[in-house]
Amino acid sequence: MAKKILIVANWKANPATKEEASSLARKMELVAVKLNMVKTVIAPSFPFLQTVKSKIKKIALGAQDGFWTTGPYTGEVPAEQLKSLGVKYVIVGHSERKIYFQETDEMINKKISALLKNKIKVVLCVGERERIDANIPEIVGEQLRNALRGIRGTELKNLIVAYEPVWAISSNANSRPDTPENSHQASIYIRKIIAGLYGEKASRNTPIIYGGSINASNIRSFMREAKMDGALVGKAGLDPRGFAELLKAASERL
Ligand code: PGA
């Protein structure tokens, strides 16, 4: 059977109210429920996790970050709390966390380690800040190696790598989506690094998704030509109509 396409909607710090979050989640669930070949995840901000959870069944609950331990860490949300709330996926190392909140590779590594120990799926974001040339910069390899330091091969089944070039994220100045060719090259590069760390089989089995200005019109080319296992979606995940089109397009990838 063909593998399901994974679509992760990262709502970031949107929407403003619980009512809007609830309505958005309800509309998305109505579409997702009809599409068997797509696994949809919604990652709202922490205060809306419970609201979104109450509106979804077919869609999985995601979070946009997670902390590595319980204890005296004001404002943080540890993996254990996310797990107890039914969160199945957590985005880690998003470029906005690195740029605006000084998140380091070491912090990312600790978060991944704690989340995987709690059997939560990790969507690890890697990607270069600027596209220098067609070659994927060594920086992506370094991010990956640092993020996975000390992670055992047996824990890898819950890892998803999101290749998300920062310059392609729709909210950044002069953004444009990557080309399917380039992102395909990036995924080959990422697989090589994982193979070097954990072997060919683990590398083949690790889903690699693409993020950066994904919408209903371009998603198919990333699934077909770039052979991505799915997408990490920002802006387009806040428009229920557009997102419905995007999910449908993803499900018709073959
Ligand atoms: P975008 O955001 O789809 O709006 O480019 C993607 C992301 O930042 O995860």
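Everything discussed here concerns the structure shown above.
So, here is what we can say about the structure in this document. From a predicted model like this one, the values you see are computed outputs, not experimental measurements.

1. Points about the nonpolar core
Then comes step 1: Counting residues in hydrophobic clusters, the biggest one holds 68 residues, and the most contacted among them are I7 and L124.
Then comes step 2: In this structure, A43, I91, V123 and C125 belong to the second largest nonpolar core, which totals 13 residues.

2. Quick look at unusual backbone geometry
Then comes step 1: A cis amide bond links N14 with the next residue in sequence, P15, at an omega value of -15°.
Then comes step 2: Here P15 shows up in the loop between β1 (5-10) and α1 (18-32).
Then comes step 3: Positive phi values are uncommon outside glycine, yet N174 reaches one of about 55°.
Then comes step 4: In this structure, K227 takes a positive phi of about 55° despite not being glycine.
Then comes step 5: Of note, K227 is situated in the loop between α9 (219-224) and β8 (230-233).

3. Focus: the environment of T74
Then comes step 1: Structurally, T74 is set in the loop between β3 (60-63) and α3 (79-84).
Then comes step 2: Under the relative-accessibility criterion, T74 is labelled exposed at 83%.
Then comes step 3: Taking C-alpha positions, T74 is 41 Å from N182, a pair spaced 108 residues apart along the chain.

4. Digging into the sheet that holds strand β4 (residues 89-92)
Then comes step 1: The sheet built from 8 strands closes into a barrel, its strands ordered β1-β2-β3-β4-β5-β6-β7-β8 with parallel pairing. Neighbour-to-neighbour, the strand axes of this sheet turn through a mean angle of 25°, independent of strand direction.
Then comes step 2: Sitting on the sheet, helix α6 (residues 138-147) touches β5 (121-126) and β6 (159-163), and the angle it makes with β5 is about 150°.

5. Observations concerning the site of the ligand
Then comes step 1: Near the ligand you find N10, K12, H94, E164, I169, S170, G212, S213, L232, V233, G234 and K235, and these make up its full shell.
Then comes step 2: Between an oxygen atom of the ligand and a main-chain N or O atom of K235, the distance comes to 2.9 Å.
Then comes step 3: If the ligand stood free it would expose 280 Å²; the protein chains cover 99% of that surface.

6. Regarding the packing of α1 against helix α10 (residues 240-251)
Between two packed helices, what matters for the description is the angle formed by their axes and the separation of those axes.
Then comes step 1: Running from N to C, α1 and α10 cross one another at 25°; their axes reach a closest spacing of 10 Å. It follows from the interaxial angle that α1 and α10 lie roughly parallel. Handedness of the crossing formed by α1 with α10: right-handed. Contact with α1, carried on its side by L24, K27, M28, V31 and A32, involves P240, F243, A244 and L247 of α10 and no other residues of that element.
Then comes step 2: Broken down by class, the residue content of the contact of α1 with α10 amounts to 8 nonpolar, no polar and 1 charged.

Scoring rules and cut-offs
Residues numbered from 1 in each chain as written. Predicted model: local features only at pLDDT ≥ 70, side-chain atom pairs only at ≥ 80, totals over all residues. Heavy atoms only, no water. Core = buried A, V, L, I, M, F, W, Y, C linked by side-chain atoms within 4.5 Å. Buried < 20%, exposed > 50% of the residue type's maximum accessible area, 1.4 Å probe, protein only. Helix = DSSP H or I, 4+ residues; strand = E, 2+ residues; numbered from the N terminus. Pairing = 2+ DSSP bridges. Axes fitted to C-alpha atoms, helices over the stretch in contact; angles between N-to-C directions. Contact = heavy atoms within 4.5 Å. Near = heavy atom within 4 Å. Polar contact = N/O pair within 3.5 Å; in protein donor to acceptor, adjacent residues only side chain to side chain. Areas by Shrake-Rupley, 256 points an atom, 1.4 Å probe, with all protein chains shown as cover. Parallel < 35°, antiparallel > 145°, perpendicular 65-115°, else oblique. Left-handed = near helix turned anticlockwise from the far one by under 90°. Nonpolar A, V, L, I, M, F, W, Y, C, P; charged D, E, K, R; others polar.

Geometry only, nothing functional implied.
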